[in-house]
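Here are the chains, one letter per residue:
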Amino acid sequence: MLIDIALDAVGSDQAPGPEIRGAIEACRKLPVRVHLVGPEAELRAMLKKRHLPADFPIVVHHASERIGMEEKAAIAVRTKRDSSMRVGLKLVREKTVAGFVTAGNTGAAMATAKMVLGMLPGVDRPALATALPSSGESPCILLDVGANVDCKPHNLEQFAVMGELYSRNVLKIAKPRVGLLSIGEEETKGNDLTRESFALLRALPLNFIGNVEGRDLFNGHADVIVCDGFVGNVALKASEGLAKLVRSELRQAMGSNPLYMLGAFLSKGAFNNFRKRLDYTEYGGAPLLGLRGACIIGHGSSNARAIYNGIRVAAEFAQSGISQEMKDALTPPATPANSDGNTTVPAL
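Residues numbered from 1 in each chain as written. Predicted model: local features only at pLDDT ≥ 70, side-chain atom pairs only at ≥ 80, totals over all residues. Heavy atoms only, no water.

Remarks on the environment of Leu-43
Right, so step 1: You can see Leu-43 is positioned in helix H2 (residues 40-48).
Right, so step 2: Under the relative-accessibility criterion, Leu-43 is labelled buried at 0%.
Right, so step 3: Residues Leu-43 and Pro-16, 27 residues apart in the sequence, show an inter-C-alpha distance of 7.8 Å.
Right, so step 4: With sequence-adjacent residues up to four places away left out, Leu-43 is seen in contact with Ala-9, Pro-16, Ile-20, Leu-36, Val-37, Gly-38 and Val-60. (Helix = DSSP H or I, 4+ residues; strand = E, 2+ residues; numbered from the N terminus. Buried < 20%, exposed > 50% of the residue type's maximum accessible area, 1.4 Å probe, protein only. Contact = heavy atoms within 4.5 Å.)

This is the structure we're talking about:
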């Protein structure tokens, strides 16, 4: 059985080239059928040049509009009713596909997903979660990384539940360690948001390990780290910048010294593994948690490899059944009723 995944074919900075190459690679290596969403004539013309077999599992859905990176999300979502994002997310809502992937405008993707798919019961705001390379066996999930700049303690409480479920169901970590990102390990450290959130997270039936610091993003100390979107986005962008610096410095050092070049050649496998662990394209984009369906948002600079991994993550998300688990975990319990049908009010 193939898993149907919709792909915004005109989302990335270099679209639709990376999307088409990534979709073809995914269809060859994964049990998926990719639904390309965008200008049909252009997409079919590009696919024709690939000389794919007639039964190749790629489907094209026409969308006449594209939301650009520079456009204001609120205006674009309201005015572009036939955008590739809206058409693709409608396919998820109608159960034609199991998930949607885009490397387009993040704000527009979030707004469109909330409007088209809607939120799970008990979820106030969606959270954008990203996988960070870790010295442990599995990546660390950081959320939120930009969907919600201003948060309340109960938002972080919901993020913790969703992040733990994602880590357990998709990354297959049996008992994820959940930490709260702050400026110190002590419970009293941080601002009003982290101090109030600490008490809420401690009361949850999770493996909550308390406050963690910025260095714990990569040392394997925690499997899930929770923060507001402002802090998370700064941490994510700083991490990406550092990873690029490390790769650039290594490349420059190896190119300037013959002995370094010889060492790199002899340790090619180790260098490749190191580079792969720091490469964002290997993680496939960030899932938007808390929606009634799978929505994966990638970098605007995504290449074909990043698109391929975005499709892979969407398929894994859909197969995991995580949305139903989030619904069960976050839906408030029904208030019991008396025999006469009146609602029972708990005694205080």
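Overview of the sheet that holds strand E9 (residues 224-226)
Right, so step 1: Spatial strand order, E3-E2-E1-E4-E11-E10-E5-E6-E9-E7-E8: 11 strands in an open sheet with mixed pairing. The strands lining the two open edges of the sheet, one partner per strand, are strand E3 (58-62) and strand E8 (207-212). Averaged over neighbouring strand pairs, the angle between their axes works out to 25° when direction is ignored.
Right, so step 2: By the bridge criterion, 5 bridges tie strand E2 (residues 32-38) to E3 in an arrangement that is parallel. Residue pairing across strands places Gly-38 opposite His-62, the latter belonging to E3.
Right, so step 3: Along the sheet, helix H5 (residues 106-116) makes contact with strand E4 (99-102), strand E5 (127-132), strand E10 (286-289) and strand E11 (294-297), crossing E11 at roughly 175°. (Pairing = 2+ DSSP bridges. Axes fitted to C-alpha atoms, helices over the stretch in contact; angles between N-to-C directions.)

Some remarks on the packing of helix H6 (residues 153-169) against helix H7 (residues 192-202)
Right, so step 1: The geometry of H6 relative to H7 is characterised by a closest axis approach of 8 Å and an angle of 50° between their N-to-C directions. Classified by the interaxial angle, the pair formed by H6 and H7 is oblique. Considering how the two elements wind past one another, H6 and H7 form a crossing that is right-handed. Touching Pro-153, His-154, Leu-156, Glu-157 and Ala-160 of H6 are Leu-193, Glu-196, Ser-197, Leu-200 and Leu-201, all from H7.
Right, so step 2: A breakdown of the residues in the contact of H6 with H7 according to their chemical character gives 6 nonpolar, 2 polar and 2 charged. (Parallel < 35°, antiparallel > 145°, perpendicular 65-115°, else oblique. Left-handed = near helix turned anticlockwise from the far one by under 90°. Nonpolar A, V, L, I, M, F, W, Y, C, P; charged D, E, K, R; others polar.)

Shape descriptors only; they carry no functional weight alone.
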